[in-house]
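# Coordinate inspection notes
Each chain is listed here by its residues.
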Amino acid sequence: MFEGKLGDHSLCSYTSHPSMRSVTISSSNGFIDLMKIKVAARHISYRTLFHTILILAFLLPFVFILTALVTLEGVNKCSSFDCLGRRLGPKLLGRGDDSERLVKDVYNILNQVNTEEVPVGLNIPDNFTQLVSDMKSNKYTANDFAIILKQMMERSEREIRESKFQELMNKHFAASSVPKGIHCLSLRLTDEYSSNAHARRQLPSPEFLPVLSDNSYYHFILPTDNILAAAVVVTSAVQSSQTPEKIVFHVITDKKTYAGMHSWFALNPISPAIVEVKGVHQFDWLTRENVPVLDAVENHNVIRNYYHGNHISGANLDDTTPRSFASKLQARSPKYISLLNHLRIYLPELFPNLDKVVFLDDDIVVQRDLSPLWEIDLGGKVNGAVETCKGEDTWVMSKRFRNYFNFSHPLVAKSLDPQECAWAYGMNVFDLRAWRKTNIRETYHAWLKENLRSNLTLWKLGTLPPALIAFRGHVQPIDPSWHMLGLGYQKNTSIESVKKAAVIHYNGQSKPWLQIGYEHLRPFWSKYVNYSNEFVKNCHILES
């Protein structure tokens, strides 16, 4: 018998039989690991076999657990004990795996090929399945694999980018077109105007004509050629008002839409509000002598090419982001050369007897009583508007002069401040008395002429840029809750903010009456559409 120490464990050995040898190993902490190895001269005892089986039963669960850990950590399946040993060996010996080193190696290889030229004639797999197949049949080096992977990703990025631009083009054409249902509505109502005397009745009735110039009423100006959109604006404003009997709507439309627009409001009166429908051809003041610039805008070859020509030709898409391209497409909407769109700059002349009006675009919805707008003190300014350079939505409310003008042009750089805050059209309070004392219209015309002479190099986006210049010093900011923008190009609009706003504005391409409109924002508009109306039903107007 002998005793000794091994590490922190005490050892004790003794012989229990002349023909057999027994070794007992015990630890100092009281836990006894008993292994008895009995060697007989001629045979192995049943006790030895029993203890061997017992030890194996004790160790196998640990082997199972380690194997499971290897599998869960993503190690490839092993089909042999040799493979399992290679995987488990480092762990059993207390060594960590080399995954961190592998990641570094991969990074170094990818970083190296990032600046390498792709060999001419290199065959790039079309998809992942083909890549795996090629890897099986060809012995790729790590460098070859990295180059092929790089090329596959770059090709995918190009295809995604091209698809995005194509999607934006398709969206632009969809936004510029007239939906079948709305076109049908206009045609049917025009036909009704010619065959139904009730559709031609005077608007408003003769006894209400004095109200059209009575400044004790709330006067709204709505220029539009969209009958359905006009119906929604008027209906929402009347239903949201606490004093609908004091509301007067002046709906202005073009000559081709006049009959249909008149029919709609003659056959569908919005009582107790008063509605006047007037065509641009019925305003004596709107002559070529008074608006020569607009005639030039509509007939200028460069302008017609810009708004009606090939929108891709000459565009360097490699240096353009999809967001910038979308903005440029929106700026090329044909509506921007329409007289109806420039009409807002002539309100003092078109309504000489009115003192204060609220101007509305046809892609808005009124959700709150707007009569308090007439009580806002504009401080002698002309235009009460929401500024668009500050707000919670940093995409919609981040517009300054730099977003609208070309400050590389010497005249723009000399005359304007790129950091000046922009404001929004769509819901504006205009003090027409103060306006008549200014030269706003003359300034507007002068800058339009200058932009024409410069081949549209001063700005591209429609009627707002010249208005931003013409109204400088004449704008009184009003609370942003009066006018919420971006529902036509910002799908991430906060629904809670929409519900709180007095006026919501679907400015942008995704109008609620189009199929490309955002589904979750459309109900705020569509709830004011009378889908039970005979003309609406027969024209299969989109219902959400």
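Note: the structure precedes this text.
From a predicted model like this one, the values you see are computed outputs, not experimental measurements. (Residues numbered from 1 in each chain as written. Predicted model: local features only at pLDDT ≥ 70, side-chain atom pairs only at ≥ 80, totals over all residues. Heavy atoms only, no water.)

What follows concerns the packing of aromatic side chains. A complete count under the given rule lists 16 aromatic pairs for this structure. Look at phenylalanine 220 and phenylalanine 249: their rings are 4.9 Å apart centre to centre, the planes differ by 15°, and that puts the pair in the stacked class. Taken together, the residues phenylalanine 220 in strand S5 (residues 218-223) and phenylalanine 249 in strand S6 (residues 247-253) connect sequence positions 29 residues apart. When sorted by exposure, phenylalanine 220 lands in the same class as phenylalanine 249, which is buried. With centroids separated by 5.2 Å and ring planes inclined at 80°, the aromatic side chains of phenylalanine 220 and tryptophan 374 adopt a geometry described as edge-to-face. Here phenylalanine 220, found in strand S5, pairs with tryptophan 374, found in the loop between strand S9 (364-366) and strand S10 (383-385); they are 154 residues apart in sequence, far enough to count as distant. The residues phenylalanine 220 and tryptophan 374 share a single accessibility class, namely buried. Aromatic rings pair up to connect Phe359, Trp423, Tyr425, Phe430, Trp435 and Phe471 into one cluster. (Phe/Tyr/Trp six-rings, centres within 6.5 Å; stacked < 30°, edge-to-face > 60°. Helix = DSSP H or I, 4+ residues; strand = E, 2+ residues; numbered from the N terminus. Buried < 20%, exposed > 50% of the residue type's maximum accessible area, 1.4 Å probe, protein only.)

What follows is about helix H6 (residues 180-195). Taking 1.5 Å as the rise per residue, H6 with 16 residues should run 22 Å; its terminal C-alpha atoms sit 23 Å apart, in good agreement. Where H6 is concerned, the buried positions are Gly181, Ile182, Cys184, Leu185, Ser186 and Leu189. Where H6 is buried, its residues touch helix H7 (227-240), helix H8 (255-267) and helix H20 (534-538). (Expected span 1.5 Å × (residues − 1). Contact = heavy atoms within 4.5 Å.)

This part covers empty space enclosed by the protein. Tallied over the entire structure, the rule returns two cavities of 30 Å³ or more. For the second largest cavity, the calculated volume is near 50 Å³. Taken together, Tyr218, Phe220, Ala237, Ser241, Thr243, Ile247, Asp369, Leu370, Ser371 and Trp374 make up the full set of residues lining the second largest cavity. The class makeup of the residues in the lining of the second largest cavity is six nonpolar, three polar and one charged. (1 Å grid on protein atoms, 1.4 Å probe; cavity = no way out; pocket = protein on both sides within 12 Å on 5 of 7 lines; lining within 4 Å. Points joined across faces, edges and corners; volume = space filled by probe spheres on them. Nonpolar A, V, L, I, M, F, W, Y, C, P; charged D, E, K, R; others polar.)

The next point concerns the state of the cysteines. Inspection of the entire model under this criterion finds two disulfides. Each sulfur of the disulfide joining cysteine 184 and cysteine 539 lies 2.1 Å from the other. In this structure the cystine formed by cysteine 184 and cysteine 539 twists about its S-S bond by roughly -70°; its chirality is therefore left-handed. Of this pair, cysteine 184 sits in helix H6 while cysteine 539 sits in the segment after H20; the two residues are 355 residues apart in sequence, bridging distant segments of the chain. Among the residues examined, cysteine 539 registers a relative accessible area of 5% and is labelled buried. (Disulfide = S-S within 2.5 Å.)

On to the side chain of histidine 483. With respect to the helices, strands and loops of the structure, histidine 483 is situated in the loop between strand S12 (475-477) and helix H18 (495-500). Looking at histidine 483, its side chain comes within polar contact range of the side chain of histidine 505, at 3.0 Å. If we ignore the near neighbours within four places in the chain, the residues touching histidine 483 are Val386, Ala424, Tyr425, Gly426, Met427, Val503 and His505. (Polar contact = N/O pair within 3.5 Å; in protein donor to acceptor, adjacent residues only side chain to side chain.)

Before going further, it helps to spend a moment on the environment of asparagine 451. Relative to the elements of secondary structure, asparagine 451 occurs in helix H16 (residues 440-453). For the pair formed by asparagine 451 and proline 466, sequence separation is 15 residues and the distance between their alpha carbons is 9.3 Å. Each residue touching asparagine 451, except ones within four places of it in the same chain, is listed here: Leu456, Thr457, Leu458 and Trp459. Within the local environment of asparagine 451, its side chain forms a polar contact with the backbone nitrogen of leucine 458, the two atoms lying 3.0 Å apart.

What follows concerns the pattern of salt bridges. Where charged atoms from two side chains of opposite charge approach closely, those side chains can pair. Within this structure, the stated rule accounts for ten salt bridges. Between aspartate 361 and arginine 344 there is a salt bridge, with its nearest N and O atoms 3.5 Å apart. Residue aspartate 361 is located in the loop between strand S8 (356-360) and S9, and its partner arginine 344 is located in the loop between helix H12 (339-342) and helix H13 (347-350); the two are separated by 17 residues in the primary sequence. Of the two residues, aspartate 361 and arginine 344, both sit in the buried class. For lysine 499, the salt bridge goes to glutamate 496, with nearest N and O atoms at 3.8 Å. In this pair, lysine 499 and glutamate 496 are both assigned in helix H18, three residues apart and thus about one turn of the helix distant. (Salt bridge = Lys/Arg side-chain N within 4 Å of Asp/Glu carboxyl O.)

The residue after leucine 203, namely proline 204, is reached through a cis peptide bond having omega -10°. Of note, the amide linkage connecting serine 271 to proline 272 takes the cis form, showing an omega dihedral of 0°. Residue placement: proline 272 occurs in the loop between H8 and strand S7 (274-279). The backbone of asparagine 455 shows a phi angle near 55°, a positive value even though the residue is not glycine.

Strand order in the open sheet made by the seven strands is S7-S6-S5-S8-S11-S10-S12, with mixed pairing throughout. Two strands close off the open sheet at either side, each with one partner strand: S7 and S12. Neighbour-to-neighbour, the strand axes of the sheet open up by a mean angle of 25°, direction not taken into account. Across six bridges, S5 lies against S6 in parallel orientation. (Pairing = 2+ DSSP bridges. Axes fitted to C-alpha atoms, helices over the stretch in contact; angles between N-to-C directions.)

Our next topic: H7. Compared with the 20 Å implied by 1.5 Å per residue over 14 residues, the 20 Å span of H7 between its first and last C-alpha is a close match. Among the 14 residues in H7, 13 count as buried, and that is most of the element. By the N-cap criterion, in which a side-chain oxygen at the helix start approaches the backbone nitrogen of a residue two or three places on, H7 is capped by asparagine 226, the distance to leucine 228 being 3.2 Å.

Most of S7 sits inside the fold, with five of its six residues counted as buried. Across six bridges, the pairing between S6 and S7 is parallel. The residue of S7 that forms the bridge with isoleucine 252 is lysine 278. Where the polypeptide runs from S6 across H8 and back to S7, its parallel neighbour, the crossover connection is right-handed. (Right-handed = clockwise from strand over helix to strand, strands pointing away.)

Such coordinate-based values are descriptive only and should not be taken to indicate function.
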